[in-house]
Amino acid sequence: MERGSSGLRRFFREVAKFGAVGGAGVLVNLGVFNLVRHWTDLQVVRASVIATIVAIVFNYIGFRYFAYRDRDKSGRTREMTLFLLFSAVGLVIENGVLYTATYGFGWDTPLQSNIFKFVGIGVATLFRFWSYRTWVFRALPSARKPDQVDAATEGSRAAQRVP
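Structural notes, computed from the coordinates.

Procedures and definitions
Residues numbered from 1 in each chain as written. Predicted model: local features only at pLDDT ≥ 70, side-chain atom pairs only at ≥ 80, totals over all residues. Heavy atoms only, no water. Helix = DSSP H or I, 4+ residues; strand = E, 2+ residues; numbered from the N terminus. Expected span 1.5 Å × (residues − 1). Buried < 20%, exposed > 50% of the residue type's maximum accessible area, 1.4 Å probe, protein only. Phe/Tyr/Trp six-rings, centres within 6.5 Å; stacked < 30°, edge-to-face > 60°. Lys NZ or Arg CZ within 6 Å of the ring centre and 35° of its normal.

## Regarding helix H3 (residues 76-104)
Part 1 of the argument: Between its terminal C-alpha atoms H3 stretches 40 Å, which fits the 42 Å expected from 29 residues at 1.5 Å a residue.
Part 2 of the argument: Of all the positions in H3, only Glu-79, Leu-82, Phe-83, Phe-86, Ser-87, Gly-90, Leu-91, Glu-94, Asn-95, Leu-98, Ala-101 and Thr-102 are classed as buried.
Part 3 of the argument: Two residues or fewer past H3, Gly-106 is found with a positive phi of approximately 75 degrees.

## Some details on the packing of aromatic side chains
Part 1 of the argument: Inspection of every chain in the model, using the stated rule, returns 20 aromatic pairs.
Part 2 of the argument: Plain terms: the ring middles of Tyr-60 and Phe-83 are 4.9 Å apart, the flat faces sit at 65 degrees to each other, and that makes the pair edge-to-face. Highlighted residues: Tyr-60 in helix H2 (residues 44-67) and Phe-83 in helix H3, separated in sequence by 23 residues.
Part 3 of the argument: With relative accessibility at 10%, the residue Tyr-60 sits in the buried group.
Part 4 of the argument: For the pair Tyr-68 and Phe-137, a centre-to-centre distance of 4.9 Å together with 10 degrees between the ring planes defines the contact as stacked. One end of the pair, Tyr-68, is in the loop between H2 and H3; the other, Phe-137, is in the loop between helix H4 (110-136) and helix H5 (146-161), and 69 residues separate them in sequence. In terms of burial, Tyr-68 and Phe-137 fall into one category: buried.
Part 5 of the argument: Here the aromatic cluster, defined as three or more aromatic residues joined through ring pairs, consists of Phe-11, Phe-12, Phe-18, Tyr-60, Phe-63, Tyr-68, Phe-83, Phe-129, Tyr-132 and Phe-137.
Part 6 of the argument: Directly above the ring of Phe-66 sits Lys-17, whose terminal nitrogen or CZ lies 5.8 Å from the centroid.
Part 7 of the argument: One cation-aromatic arrangement involves Lys-117 over Phe-33; the distance from NZ or CZ to the ring centre is 5.5 Å.

In structure tokens, the structure reads:
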């Protein structure tokens, strides 16, 4: 099989796993947000920050033990630190969108809050996907470089053709 299509297949599998965990995280995030809004008198952005933190914990467990379970596990302290750092940036992005809609434009009905919470989650998700796969859950180095694998494969094919 071609290296390019194999790498592309792995990438799409990674995106699907990230999406499954992230989709469940969105449900947790929006569910907690609406519960906090319904049962407390907290302001919209404070309720959103609480929901985002709950979703961050949920997502870490899902990413570490499902989406990126095959990734390097040797530096857990580093991994957790980077995950929390990038998650905090995502929290600011996500809640910055909600803050701007609520206090900048006055869009603060429950429907509007949910729409802009969702938009904020979407924008932050793009950042999180890039940062988690690049910095947090790094791939393990392969035993051989792709060029070495190709050379070894070609050498064994040549040996098989010799009478």
